[in-house]
Amino acid sequence: MKQIGIGVIGLGEMGLSHANIYAQLPDVRLIGIYDINSALASTIAQRLGTQAFPSLEALLAAPEIEAVSICTPDNLHYESTVQALNAGKHILLEKPLTVDLTEGRELVRRAEQSPQVFMVGHVLRFDPRYYLTRQEVAEGNIGDLIHLYARRNNLLTNARRLRGRTSVAMFLGVHDIDVMLWLMESSVETVYASATSNLLKDLGVADTIMATLRFTSGAVGALEVSWVLPEQFVSGIDARLEVMGTQGAIYVDIHNQGLRVFKHGQLTYPDISYGTQLNGRFIGILKEELAEFILAIKEGRPSPVSAREAYRAVEVAVAIEESARTGEVVRLATEKRAQQP
Ligand SMILES: NC(=O)c1ccc[n+]([C@@H]2O[C@H](COP(=O)([O-])OP(=O)(O)OC[C@H]3O[C@@H](n4cnc5c(N)ncnc54)[C@H](O)[C@@H]3O)[C@@H](O)[C@H]2O)c1
């Protein structure tokens, strides 16, 4: 069986997860990794039995690396992605595509010119709960969509670790915006959002954003994103999705996942779906996403989540940020869609 040679760029929380999974995937050989923090890269390389490249250029110049995962911070995606595109690699870029619309349009243009797979890591597409929701909606089983509600609340410790270099709309909101667009198969026409900053005022970012979206289909959506759950909260994430249609409704609840552990005087709801281990093997939704990327490369399939689709989510996140800043309703330029990505 031919193995795909892989490199991972950016070895923080996500990059380490990508590297751990690739090191175990049967169709993959983890050739090497790169992080600007060379000490971190060396430690991880040693642990995984791979090599730490001294520079991004060196990693991209390695002919045995056919594909890369790019897991750098949100605001730094553009540069390494352009270099990886220039080097002719298949790319799995962590969400969001970029945080800047001009850069985003350029990435869409370049990705669409590239013969290689260019995928953006919108991981909820590989979560069976969201996937099955999409199947039901696409088959028309709940009729025409009337409204959507999505929540993604994360721990304050996660917001603090990111030190204000990304926003709650970009880091968390794009997940659910992408799901909403995927379900609706319709564009967002207007956005109105309101934000509050209290616990994270020192970092200059919002604690919480509440947004309402109007879709061109006439349906409406509500999005709640927040990253100020207390450290002692029972789970790492409190996420919901509600879909109301003319003939039915669907509810996704990612909070109590069917396992409750009481220890050290505290009740917790551990994650059993996103990424965990079973007999030393990594399992879960993130692994499914990476496996889908590898399958697309091996079988020459179209990208499972294209740059163009990911751009749409960024566009809505930017509109949400603008509305929260100005207090105005933001109208997305739907009439220009024919020319733009
Ligand atoms: N899909 C998901 O569920 C999910 C979850 C968390 C984060 N993410 C995304 O993954 C990406 C990384 O997030 P994270 O939480 O791992 O961040 P992080 O801060 O933990 O890690 C970022 C890493 O990139 C390295 N880095 C910075 N600049 C670099 C450069 N120019 N070249 C190489 N390495 C560089 C840093 O040293 C650090 O090790 C972000 O885009 C984030 O939105 C996705």
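Scoring rules and cut-offs
Residues numbered from 1 in each chain as written. Predicted model: local features only at pLDDT ≥ 70, side-chain atom pairs only at ≥ 80, totals over all residues. Heavy atoms only, no water. UniProt positions renumbered as here; feature names shortened; annotations may be inferred. Helix = DSSP H or I, 4+ residues; strand = E, 2+ residues; numbered from the N terminus. Rg over C-alpha atoms; globule rule 2.2 N^0.38 Å. Buried < 20%, exposed > 50% of the residue type's maximum accessible area, 1.4 Å probe, protein only. Contact = heavy atoms within 4.5 Å. Areas by Shrake-Rupley, 256 points an atom, 1.4 Å probe, with all protein chains shown as cover. Lys, Arg positive; Asp, Glu negative; His and termini not counted. Charge placed at Lys NZ, Arg CZ, Asp CG, Glu CD. Near = heavy atom within 4 Å. Polar contact = N/O pair within 3.5 Å; in protein donor to acceptor, adjacent residues only side chain to side chain. Nonpolar A, V, L, I, M, F, W, Y, C, P; charged D, E, K, R; others polar. Domains from an automatic or database assignment. Phe/Tyr/Trp six-rings, centres within 6.5 Å; stacked < 30°, edge-to-face > 60°. Pairing = 2+ DSSP bridges. Axes fitted to C-alpha atoms, helices over the stretch in contact; angles between N-to-C directions. Right-handed = clockwise from strand over helix to strand, strands pointing away.

As named in an unreviewed UniProt entry, the protein chain is Gfo/Idh/MocA family oxidoreductase, taken from Ktedonosporobacter rubrisoli. UniProt, in the comment section headed Sequence similarities (unreviewed entry), describes the protein chain in these words: "Belongs to the Gfo/Idh/MocA family."

Asks: Can you tell me about the overall build of the protein chain, naming the residues and giving the values?
Replies: Within the protein chain, the regular secondary structure consists of ten helices and 17 strands. Here the C-alpha atoms of the protein chain give a radius of gyration of 20 Å, agreeing with the 20 Å that 2.2 N^0.38 yields for 341 residues. Its C-alpha atoms give the protein chain principal-axis dimensions of roughly 60 × 50 × 45 Å. Relative to its full complement of 341 residues, the protein chain shows a buried share of 50%. Taking all contacts inside the protein chain whose residues are at least 6 apart in sequence as the whole, residues at least 24 apart take part in 70%. A total accessible area of about 15500 Å² is found for the protein chain, and carbon and sulfur atoms account for 51% of it. One finds the centroid of the 32 positive side-chain charges in the protein chain at a distance of 2 Å from the centroid of its 39 negative side-chain charges.

Asks: Would you mind going over the site of the ligand in detail, with residue names and values included?
Replies: Around the ligand, the structure places 25 residues, and the nearest of them are Asp 35, Asp 74, His 77, Arg 161 and Arg 165. At 2.7 Å, a side-chain N or O of Asp 35 approaches an oxygen atom of the ligand. For the ligand, an oxygen atom lies 2.5 Å from a polar atom in the side chain of Asp 74. Protein chains shield 85% of the accessible area of the ligand, which is 850 Å² for the free molecule. Mapped by element, the contributors of at least two residues to the shell around the ligand are helix H1 (13-22) and helix H8 (168-184). Classifying every residue of the shell around the ligand gives twelve nonpolar, six polar and seven charged. Two domains share the shell around the ligand, each providing at least three of its residues, namely domain 1 (4-121 + 294-304) and domain 2 (125-276 + 311-336).

Asks: Can you explain the UniProt feature "domain: Gfo/Idh/MocA-like oxidoreductase C-terminal" (unreviewed entry) in the protein chain? Please cite residues and give values.
Replies: What UniProt calls "domain: Gfo/Idh/MocA-like oxidoreductase C-terminal" (unreviewed entry) maps, in this numbering, to residues 136-331. For residues 136-331, helix accounts for 31% and strand for 34%, while the C-alpha atoms at its two ends are 30 Å apart.

Asks: Quick rundown of the packing of aromatic side chains? Include the residues and the values.
Replies: Centre-to-centre distance and the angle between the planes together describe a pair of aromatic rings. Under the counting rule described, the total for this entry stands at one aromatic pair. Geometrically, the ring pair formed by Phe 171 and Trp 227 is tilted, given 6.1 Å between the ring centres and 35° between the ring planes. Of this pair, Phe 171 sits in helix H8 while Trp 227 is found in strand E10 (residues 220-229), placing the two residues 56 residues apart along the sequence. As far as burial versus exposure is concerned, Phe 171 and Trp 227 are alike and both buried.

Asks: With reference to specific residues and values, describe the sheet that holds strand E8 (residues 188-196).
Replies: Spatial strand order, E12-E11-E7-E10-E9-E8-E17: seven strands in an open sheet with mixed pairing. The outermost strands of the open sheet, each flanked by one partner alone, are strand E12 (249-254) and strand E17 (330-331). Where strand E7 (residues 145-155) meets E10, eight bridges bridge the pair, whose relative direction is parallel. The residue of E10 that forms the bridge with Tyr 149 is Ala 222. Taken strand by strand, helix H6 (residues 128-138) contacts E7, strand E11 (237-245) and E12, and its axis lies near 175° from that of E12. Its contacts with the sheet place helix H10 (residues 307-326) against E8, strand E9 (208-215), E10 and E17, and it is angled at close to 50° to E8.

Asks: Would you mind going over the UniProt feature "domain: Gfo/Idh/MocA-like oxidoreductase N-terminal" (unreviewed entry) in the protein chain in detail, with residue names and values included?
Replies: UniProt tags residues 5-122 as "domain: Gfo/Idh/MocA-like oxidoreductase N-terminal" (unreviewed entry). Taken end to end, residues 5-122 is 42% helix and 23% strand, and its first and last C-alpha atoms sit 22 Å apart.

Asks: How would you sum up the pairing of strand E5 (residues 90-94)? Please name residues and give values.
Replies: With respect to burial, E5 is a largely interior element, five of its five residues being buried. A two-sided burial pattern is seen for E5, the buried positions comprising His 90, Leu 92 and Glu 94 on one face and Ile 91 and Leu 93 on the other. By the bridge criterion, four bridges tie strand E4 (residues 67-70) to E5 in an arrangement that is parallel. Each residue of the ladder has a partner; that of Ser 69, found in E5, is Leu 92. For the handedness criterion, the β-α-β arrangement of E4, helix H4 (residues 77-86) and E5 is classed as right-handed. Pairing of E5 with strand E6 (residues 118-121) involves four bridges; the strand directions are parallel.

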